[in-house]
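Commentary on secondary and tertiary structure
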Amino acid sequence: MATSTIIAGPEAGAADLPTPPEGSVMVTVKIARFNPEDDKGAHWDSFSVPALPSDRLLNLLLYIKGYLDGSLTFRRSCAHGVCGSDAMRINGVNRLACKLLMKDMLPKDGKPLTITVEALKGLPVQKDLVVDMEPFFDAFRAIKPYLMTSGNEPTRERIQSAADRARFDDTTKCILCACCTSSCPVYWNEGSYFGPAAFVNAHRFIFDSRDEGAADRLDILNDVDGVWRCRTTFNCTDACPRGIQVTKAIAEVKRALLFAR
């Protein structure tokens, strides 16, 4: 990428910028930029931003967009780690910008801090930090992520014991942020690979005692683009903002393919 452009923050004395809050520290946020509508190509821009320990990285991005560069493009919605829309690479690791607290990033010795922010890897970049999520959702839809049953519909809810529910509880936490899938080296190099998030959501239904579609999903995951391409690097587990044991879930799907559920 091209050399960074430095865009000054409040310390430059700009009249139209708010006064930095008391106790804030100036940090540099270095962002990978790309706009298909100009001829600059992929490049880096750096912004000087005030940060409080109570801030989240998302607050810094909103400050940049609101006061320094309104063209900065990124996704965000709930800002509480539930929607998963603000997934991005932060200092080389996939994270949700709304869950990364500045108190965990600000150096204790007062040294200058630079935070690098990039779009997720392995998915086409549409603009700045926004990627095309359709390949990711295509893989998600391919594993039939819904309850499959036969016979008459029950008149009330489908009863399930607490023990049966606990069997797949971990994989119900997925918010489809793509942090796990876009952290996978196999996914970076194999465009047709289903990826960890698809396996997690398949696990959620394969081990659901109410579901009758396990054989269909296992047949899909036994394909050349399925679970056998997993190299157990644990990148997916490390990247998951919900703490899902992704690699464990993939291993359980592999076992289900080898033995009876």
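Remember, it's a predicted structure, so these values are computed and weren't measured experimentally.

1. Thoughts on the overall build of the protein chain
Along the backbone of the protein chain there are eight helices and eight strands. Within the protein chain, buried positions represent 46% of all 261 residues. Within the protein chain, contacts between residues separated by at least 24 positions form 67% of all contacts whose residues are at least 6 apart in sequence. The protein chain carries 32 positive and 32 negative side-chain charges, and their two centres are separated by 5 Å.

2. Some words on the packing of helix H5 (residues 196-206) against helix H8 (residues 246-258)
Axis angle and axis distance: for two packed helices, these are the angle between their axes and the distance between the axes, and together they describe the pair. Relative to each other, H5 and H8 sit at 60°, their axes nearing to 9 Å. Considering the angle they form, H5 stands oblique to H8. For the crossing formed where H5 meets H8, the hand is left-handed. Residues Pro196, Phe199, Val200, His203 and Ile206 of H5 form the contact with H8, whose own contacting residues are Val246, Ala249, Ile250, Glu252 and Val253. The residue inventory of the contact of H5 with H8, partitioned by class, reads eight nonpolar, one polar and one charged.

3. Here's the deal with the packing of aromatic side chains
Overall, the coordinates contain four aromatic pairs when judged by the stated rule. Summarising the aromatic geometry, the rings of Tyr63 and Tyr67 are spaced 4.9 Å apart at their centres and angled 50° between planes, so their arrangement reads as tilted. Here the residue Tyr63 and the residue Tyr67 both occupy positions in helix H1 (residues 57-68), the gap between them amounting to four residues, near one helical turn. Take Tyr63: its relative accessible area is 11%, and that puts it in the buried class. Judged by its relative accessible area of 44%, Tyr67 is partly exposed. Both rings, one in Tyr193 and one in Phe199, keep their centres 5.5 Å apart while their planes meet at 70°; by these two values the pair is edge-to-face. Grouping aromatic residues by their ring pairs yields a cluster made of Phe136, Phe137 and Phe140. One cation-aromatic arrangement involves Lys30 over Trp44; the distance from NZ or CZ to the ring centre is 5.0 Å.

4. Concerning the environment of Tyr146
Take Tyr146: it is sitting in the loop between helix H2 (134-142) and helix H3 (162-166). Beyond its immediate stretch of four places on either side in the chain, Tyr146 contacts Phe205, Asp211 and Arg217.

5. Quick notes on the pattern of salt bridges
This model, assessed by the stated rule, comprises 15 salt bridges. The partner of Arg167 in a salt bridge is Glu252, and the shortest N-O contact between them spans 3.2 Å. Here Arg167 is found in the loop between H3 and helix H4 (185-189), whereas its partner Glu252 is found in helix H8, with 85 residues between them in sequence. Classification of Arg167 as partly exposed rests on a relative accessible area of 37%. For Arg210, the salt bridge goes to Asp208, with nearest N and O atoms at 2.8 Å. On the accessibility criterion, Asp208 (0% relative accessible area) is buried. Because the salt bridges share partners, they merge into one network encompassing Arg33, Asp45, Asp69 and Asp128.

Parameters and conventions
- Residues numbered from 1 in each chain as written.
- Predicted model: local features only at pLDDT ≥ 70, side-chain atom pairs only at ≥ 80, totals over all residues.
- Heavy atoms only, no water.
- Helix = DSSP H or I, 4+ residues; strand = E, 2+ residues; numbered from the N terminus.
- Buried < 20%, exposed > 50% of the residue type's maximum accessible area, 1.4 Å probe, protein only.
- Contact = heavy atoms within 4.5 Å.
- Lys, Arg positive; Asp, Glu negative; His and termini not counted.
- Charge placed at Lys NZ, Arg CZ, Asp CG, Glu CD.
- Axes fitted to C-alpha atoms, helices over the stretch in contact; angles between N-to-C directions.
- Parallel < 35°, antiparallel > 145°, perpendicular 65-115°, else oblique.
- Left-handed = near helix turned anticlockwise from the far one by under 90°.
- Nonpolar A, V, L, I, M, F, W, Y, C, P; charged D, E, K, R; others polar.
- Phe/Tyr/Trp six-rings, centres within 6.5 Å; stacked < 30°, edge-to-face > 60°.
- Lys NZ or Arg CZ within 6 Å of the ring centre and 35° of its normal.
- Salt bridge = Lys/Arg side-chain N within 4 Å of Asp/Glu carboxyl O.

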